[in-house]
Amino acid sequence: MNSIGSTNSDSNSSSNTNSDGANRDLGFYFLELMRLASSPSPTDMEEDEEAPTELNTINSSGGFLVVSPDKLSVKYTSVNLHGHDVGVVQANKPAPVKRLVYYFEIYVKDAGDKGQIGIGYTSESFKMRRQPGWEVNSCGYHGDDGFLYSGQGNGQAFGPTYTTGDLVGVGINYAAQEFFFTKNGAIVGTVSKDMKGPMFPTVAVHSQNEEVHVNFGQKKFAFDVKEYEGQERMKQQLMIENISLPPNISYALVRSYLLHYGYEDTLKSFDFASKSTVPPICVARENGFDEQDTCYALNQRKTLRQLIRNGEIDAALSKIRDWFPQIVQDEKSATCFLLHCQKFIELIRVGSLEEIVKYGRIELEKYFKLPGFHDLIQECVALLAYVQPQESSVGYLLRMSQRDVVADTVNAMILSTNPNVKDRQGCLHSNLEKLLRQLLSCCRERQSLNGDQGEAFQLHQVLNSDKRTKC
């Protein structure tokens, strides 16, 4: 390639792939985006975590209690003599962790002789003849005294007692890293979550005729979990909104995004609307904003983006050859491949079968034996096998997002031809996207520090959504 890849015009995609990041054809980055579009999103790929559904009758202090056939009720049938004859039973699965909140409830059908009922979380190795909270790595809220026990036999005053007819629940707020307890649909209190490892929902009974029913979500809770989750998300949102951000920074981020992607008309409207609300902006280069590079060839990039998003690939190729011939000088480059693939896709939308096959044999066949292209060619050709290709497994190729991938490729390649550009990899993303990627990194680090617990922030939903802004 010329100034875009290798200085050897006969270099192929293999040499580009093996070259260092500075000289590598930026088009290969967008090839990977195209492949990602053909795969299920990370959210779709993640299987739902298994959540508790019933009580574990195998790992329980079975000599002191009876579990009902449906494994959702437990009754103490013995006579307690000391602290080691508690009837304890865990759920069949630990609490799922990749969510904002997990919660379960019990209904006290009978408080028995003493009402020594406990609810909480315990570890897998918990001694199954002790109340939750009496042992290390466990936590429990007890009905006879209303005390909270957290890893030791001495409890602390926490909430009201509970007895026959009461509905008591305990949840985990992974964002706040705390347990919260409820009684009859109202929060009693919270406590820091100091437990490590898998946490099993646990109930205990400890006096004759005590009986509780457990609800793992098979029926409606007394406590409104959805409302609680909404309130927690609102707290997080308010924390973000309360962070002071100078107006010129947010303005510059949006403006740099529009500049980077060549949205010239939207940029003009944005600047016009901003004059009455934002004072004149002067953002220093050292703060990460340098408009000189992103203003490069703005009008040409706008024109090419519009042509590609309209499906006018021939017209786009013609202008590229006139304005930036070095981008398409190497016919075996990833950029040329993406443009020819898109032309093939556009022909499938409107062209005859004969014209489609002819174009495929002339323009796509030369890439078939080159490394890095084979699978994507097969995806494109597979469109011909369907009466309604939009509904097929390769229908993603006919979406507007696929045109955007090609337009973004051309845009990045043009920016990389700017002789003032020092980092060609920086042409791939706008400052706003770089900030979002840093945010993702911070969120992952925070999640890692919390033992990989809590909701994951899905950056792909922000960057690669089909509902991209149409400028």
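Keep in mind the model is a prediction, meaning the values are calculated, not measured. (Residues numbered from 1 in each chain as written. Predicted model: local features only at pLDDT ≥ 70, side-chain atom pairs only at ≥ 80, totals over all residues. Heavy atoms only, no water.)

Participant: Account for the nonpolar core, with residues named and values stated.
Facilitator: By size, the foremost hydrophobic cluster in this structure holds 52 residues, and its most contacted members are Leu31, Ile308, Phe337, Leu339, Phe373 and Leu397. If you list the elements that add at least two residues to this core, you get α2 (27–38), α8 (298–309), α9 (313–323), α10 (334–350), α11 (353–364), α12 (374–382) and α13 (400–416). Counting residues per element, this core draws most heavily on α10, at 10 residues. The next biggest cluster of nonpolar side chains, apart from the first, holds 37 residues, and it includes Leu72, Ile106, Tyr141 and Val191. (Core = buried A, V, L, I, M, F, W, Y, C linked by side-chain atoms within 4.5 Å. Buried < 20%, exposed > 50% of the residue type's maximum accessible area, 1.4 Å probe, protein only. Helix = DSSP H or I, 4+ residues; strand = E, 2+ residues; numbered from the N terminus.)

Participant: Would you mind going over the sheet that holds strand β2 (residues 65–67) in detail, with residue names and values included?
Facilitator: In spatial order, the strands read β2-β3-β14-β5-β10-β11-β12; together these seven strands make up an open sheet with antiparallel pairing. The open sheet has two free edges, formed respectively by β2 and β12 (186–192), since each of these has just one partner strand. Geometrically, the sheet is characterised by an average inter-axis angle of 20 degrees between neighbouring strands, direction not taken into account. With five bridges connecting them, strand β5 (residues 101–110) and strand β14 (residues 211–215) associate as antiparallel partners. Residue pairing in the sheet places Glu105 in a bridge with Asn215 of β14. Across the face of the sheet, helix α4 (residues 225–241) comes into contact with β5, β10 (167–173), β11 (178–183) and β12 while running at roughly 145 degrees to β5. (Pairing = 2+ DSSP bridges. Axes fitted to C-alpha atoms, helices over the stretch in contact; angles between N-to-C directions. Contact = heavy atoms within 4.5 Å.)

Participant: Residue-level account of α2, with values.
Facilitator: Given 3.6 residues to a turn, an α-helix orients residues that are three or four positions apart in the same direction. Helix length check: α2 (12 residues) gives 17 Å between terminal C-alpha atoms against 16 Å at 1.5 Å per residue, within 8%. Within α2 the residues assigned to the buried category are Gly27, Phe28, Phe30, Leu31, Leu33, Met34 and Arg35. (Expected span 1.5 Å × (residues − 1).)

Participant: How would you explain unusual backbone geometry if you had to name every residue and give the values?
Facilitator: Non-glycine residue Asn137 carries a positive phi angle of around 65 degrees. Take Asn137: it is sitting in the loop between β6 (118–122) and β7 (138–142).

Participant: Let's hear about the pattern of salt bridges: which residues, and what values?
Facilitator: Under the defined criterion, the tally for this structure stands at 17 salt bridges. Measuring nitrogen to oxygen at the nearest pair gives 2.8 Å for the salt bridge that ties Asp408 to Arg305. In this pair, Asp408 sits in helix α13 while Arg305 sits in helix α8, placing the two residues 103 residues apart along the sequence. Looking at Asp408, the relative accessible area reads 7%, which means it is buried. Between Glu346 and Arg403 there is a salt bridge, with its nearest N and O atoms 2.8 Å apart. (Salt bridge = Lys/Arg side-chain N within 4 Å of Asp/Glu carboxyl O.)

Participant: I'd like a rundown of the packing of α10 against α13, residues and numbers included.
Facilitator: To describe two helices that pack against each other, one gives the angle between their axes and the distance between the axes. Put simply, α10 and α13 touch, their axes get as near as 10 Å, and they point 150 degrees apart. In this view, α10 runs roughly antiparallel relative to α13, as classed from their interaxial angle. Viewed along their axes, α10 and α13 form a crossing whose handedness is left-handed. Across the interface between the two elements, Thr335, Leu338, Leu339, Gln342, Ile345, Glu346 and Arg349 of α10 pack against Gln402, Arg403, Val406, Thr409, Val410 and Met413 of α13. Residues that form the contact of α10 with α13 fall into these classes: six nonpolar, four polar and three charged. (Parallel < 35°, antiparallel > 145°, perpendicular 65-115°, else oblique. Left-handed = near helix turned anticlockwise from the far one by under 90°. Nonpolar A, V, L, I, M, F, W, Y, C, P; charged D, E, K, R; others polar.)

Participant: With reference to specific residues and values, describe the sheet that holds strand β8 (residues 147–150).
Facilitator: With respect to topology, seven strands assemble into an open sheet ordered β1-β4-β13-β6-β7-β8-β9, the strand pairing being antiparallel. The sheet is open, and its two edges are formed by β1 (55–60) and β9 (156–157), each paired on a single side. Pairing of strand β4 (residues 87–91) with strand β13 (residues 200–205), which is carried by four bridges, proceeds in the antiparallel orientation. Note that in β13 the partner of Gly87 across the bridge is Val205.

Participant: Hey, could you go over a nonpolar patch on the surface for me, with residue numbers and the actual values?
Facilitator: A grouping of Leu353, Val381 and Leu384 is seen on the molecular surface, where their side chains present a nonpolar patch of about 250 Å² in accessible area. Along the chain, Leu384 falls in the loop between α12 and α13. The partly exposed category is assigned to Leu384, whose relative accessible area is 35%. (Patch = residues over 30% accessible without salt bridge, like charges linked within 9 Å, V, L, I, M, F, W, Y side chains within 5 Å. Areas by Shrake-Rupley, 256 points an atom, 1.4 Å probe, with all protein chains shown as cover.)

Participant: Can you lay out the packing of aromatic side chains for me, pointing to particular residues and giving the numbers?
Facilitator: What the rule picks out here adds up to 23 aromatic pairs. Here Tyr141 and Phe181 contribute two aromatic rings whose centre-to-centre distance is 5.7 Å and whose plane-to-plane angle is 70 degrees, an arrangement assigned as edge-to-face. You can see Tyr141 sitting in strand β7 and its partner Phe181 sitting in strand β11, a full 40 residues away along the chain. As far as the burial class goes, Tyr141 and Phe181 line up, both buried. Judged by centre distance (6.4 Å) and plane angle (35 degrees), the rings of Tyr261 and Tyr263 are tilted. For the pair shown, Tyr261 and Tyr263 are each scored as buried. By the ring-pair criterion, three or more aromatic residues cluster together here, those being Tyr103, Phe180, Phe221, Phe223 and Tyr228. (Phe/Tyr/Trp six-rings, centres within 6.5 Å; stacked < 30°, edge-to-face > 60°.)

Participant: Describe the packing of α2 against α13, listing the residues and the values that go with them.
Facilitator: Where α2 contacts α13, the axes come no closer than 9 Å and their chain directions differ by 165 degrees. Overall, the two elements α2 and α13 adopt an arrangement that is roughly antiparallel. As for the relative orientation of α2 and α13, their crossing is right-handed in sense. When α2 is examined against α13, the residues Gly27, Phe30 and Met34 are found in contact with a partner set consisting of Gln402, Val405, Asp408, Thr409, Ala412 and Met413. Tallied by class, the residues present in the contact of α2 with α13 amount to five nonpolar, three polar and one charged.

Participant: I'd love a proper account of the side chain of Asn173, names of residues and values included.
Facilitator: Take Asn173: it is sitting in strand β10. Only 3.1 Å separates the side chain of Asn173 from the backbone nitrogen of Ala175, close enough to count as a polar contact. Separated by 2.8 Å, the side chains of Asn173 and Glu232 make a polar contact. Excluding residues within four positions of it along the chain, Asn173 makes contact with Leu100, Val101, Glu178, Phe180, Tyr228 and Glu232. (Polar contact = N/O pair within 3.5 Å; in protein donor to acceptor, adjacent residues only side chain to side chain.)

Participant: Hey, could you go over the state of the cysteines for me, with residue numbers and the actual values?
Facilitator: Per the counting criterion, the structure on display carries zero disulfides. The thiol of Cys380 is unpaired, and the distance to the nearest cysteine sulfur, on Cys341, comes to 3.8 Å. Cys380 sits in the buried class, given a relative accessible area of 0%. The thiol of Cys443 is unpaired, and the distance to the nearest cysteine sulfur, on Cys442, comes to 7.0 Å. Residue Cys443 is classed as partly exposed on the basis of its relative accessible area of 29%. (Disulfide = S-S within 2.5 Å.)

Worth remembering: the numbers are spatial, not functional.
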